[in-house]
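Close look at the chain arrangement
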Amino acid sequence: MKRLWLAVALAVGTTAARADDMATMISKYRQAHGLSSVKTDPQLTAIAERQAKAMAAAGVMDHGVAGSFSSRISGAQSGMAAENIAAGTKTWAETFRAWQSSRGHNANLLMSRADSVGVAVARNEQTAYKTYWAMVIADKAPKPKGGKPGIDHGIRGRAGVVWGSDDAVTTVKNVVCKIFC
């Protein structure tokens, strides 16, 4: 019985350490681009985990498989938020490199005001992809008094990329750049 509890404790500790390692990798990448680091957020991690598990259960890579992103992020009390997903990559490093190589996914990694992240992986050996990844990155910093209350869910663009802003000009610029740049 003690061995079972030790195995469970190690698995939970490893999962938490892995999420922190992923956040550290994202932070180093952001810092290399002159941006702030991000910290692991339990709410965002839960949202990413729900998405990864839903994709694994369905055997598809789809932003909407666990419900719309705006409905899944609504309780997280965030400003700007975005989601990256991947399937079929075997390691976090491989997934991270793929996101860096994709214009839309890379833009999410480098969201200027992001300060929090959640990353999850789920596996289903019975599917074609086997491994499913989800990352949710957001601005969860407290808003100054007099700021806009509530959550800005952003605009859904090509390839399921979601971005938003309290600043309408920035949002429009991001939409135009995502489509035409």
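Provided above is the structure to which this section pertains.
A brief report on the enclosed structure follows. Keep in mind it's a predicted model, so treat the numbers as computed, not measured.

Definitions and cut-offs
Residues numbered from 1 in each chain as written. Predicted model: local features only at pLDDT ≥ 70, side-chain atom pairs only at ≥ 80, totals over all residues. Heavy atoms only, no water. Helix = DSSP H or I, 4+ residues; strand = E, 2+ residues; numbered from the N terminus. Polar contact = N/O pair within 3.5 Å; in protein donor to acceptor, adjacent residues only side chain to side chain. Contact = heavy atoms within 4.5 Å. Pairing = 2+ DSSP bridges. Axes fitted to C-alpha atoms, helices over the stretch in contact; angles between N-to-C directions. Salt bridge = Lys/Arg side-chain N within 4 Å of Asp/Glu carboxyl O. Buried < 20%, exposed > 50% of the residue type's maximum accessible area, 1.4 Å probe, protein only. Arc of directions from axis to C-beta. Core = buried A, V, L, I, M, F, W, Y, C linked by side-chain atoms within 4.5 Å.

**Details of the side chain of Ser116**
Within the secondary structure, Ser116 is located in strand 3 (residues 116-123). A distance of 3.3 Å separates the side chain of Ser116 from the side chain of Lys39, its partner in a polar contact. Reaching out from Ser116, the side chain makes a polar contact with the side chain of Asp115 at a distance of 2.9 Å. Discounting chain neighbours no more than four positions away, the residues touching Ser116 are Val38, Lys39, Asp41, Leu44, Val136, Ile137, Ala138 and Lys140.

**Concerning the sheet that holds strand 4 (residues 131-138)**
Strand order in the open sheet formed by four strands is 1-3-4-2, and the pairing between neighbours is mixed. Sheet topology places strand 1 (39-40) and strand 2 (81-87) at the edges, where each strand pairs with a single neighbour. Summarising the sheet, strand 3 and strand 4 pair through eight bridges and their orientation is antiparallel. In the strand pairing of strand 4, Val121 is matched with Trp133. Relative to strand 3, helix 2 (residues 42-58) is tilted by about 25°, and along the sheet it contacts strand 1, strand 2, strand 3 and strand 4. Sheet strands touched by helix 4 (residues 92-101): strand 2, strand 3 and strand 4. Its angle to strand 4, the strand with the most contacts, is close to 60°.

**Notes on the pattern of salt bridges**
Applying the stated rule across the entire model yields four salt bridges. Measuring nitrogen to oxygen at the nearest pair gives 3.0 Å for the salt bridge that ties Asp41 to Lys140. Of this pair, Asp41 sits in the loop between strand 1 and helix 2 while Lys140 sits in the loop between strand 4 and strand 5 (155-156), and the two are 99 residues apart along the sequence. For Asp41, a relative accessible area of 11% gives the class buried.

**Brief notes about the side chain of Thr127**
For Thr127, the location among the structural elements is in the loop between strand 3 and strand 4. Every residue in contact with Thr127, bar those within four places of it in the chain, is listed here: Ala56, Gly59 and Tyr132.

**Considerations on the pairing of strand 3**
Taking burial as the measure, the eight residues of strand 3 include six buried ones, the bulk of the element. As judged from the two bridges shared by strand 1 and strand 3, these two strands associate in the parallel manner. The residue of strand 3 that forms the bridge with Thr40 is Val117.

**Digging into helix 4**
Every buried residue of helix 4 is accounted for by Trp92, Thr95, Phe96 and Trp99. For helix 4, the arc enclosing every buried residue in end-on projection is 100°, short of the 170-degree limit, so these residues lie on one face.

**A word on the nonpolar core**
Note that soluble globular proteins tend to have their nonpolar side chains buried in a common cluster. Ranked by size, the top nonpolar core spans 20 residues in total, and within it Ile26, Trp92, Val117, Met135 and Ile137 carry the most contacts. No other element matches the four residues that helix 1 (residues 2-32) contributes to this core. With near-sequence residues (within four places) excluded, Trp92 lies in contact with Met22, Met25, Ile26, Trp99, Val119 and Trp133. Core analysis: the next-biggest nonpolar cluster, separate from the first, contains 18 residues, Ala56, Phe69, Ala122 and Val136 among them.

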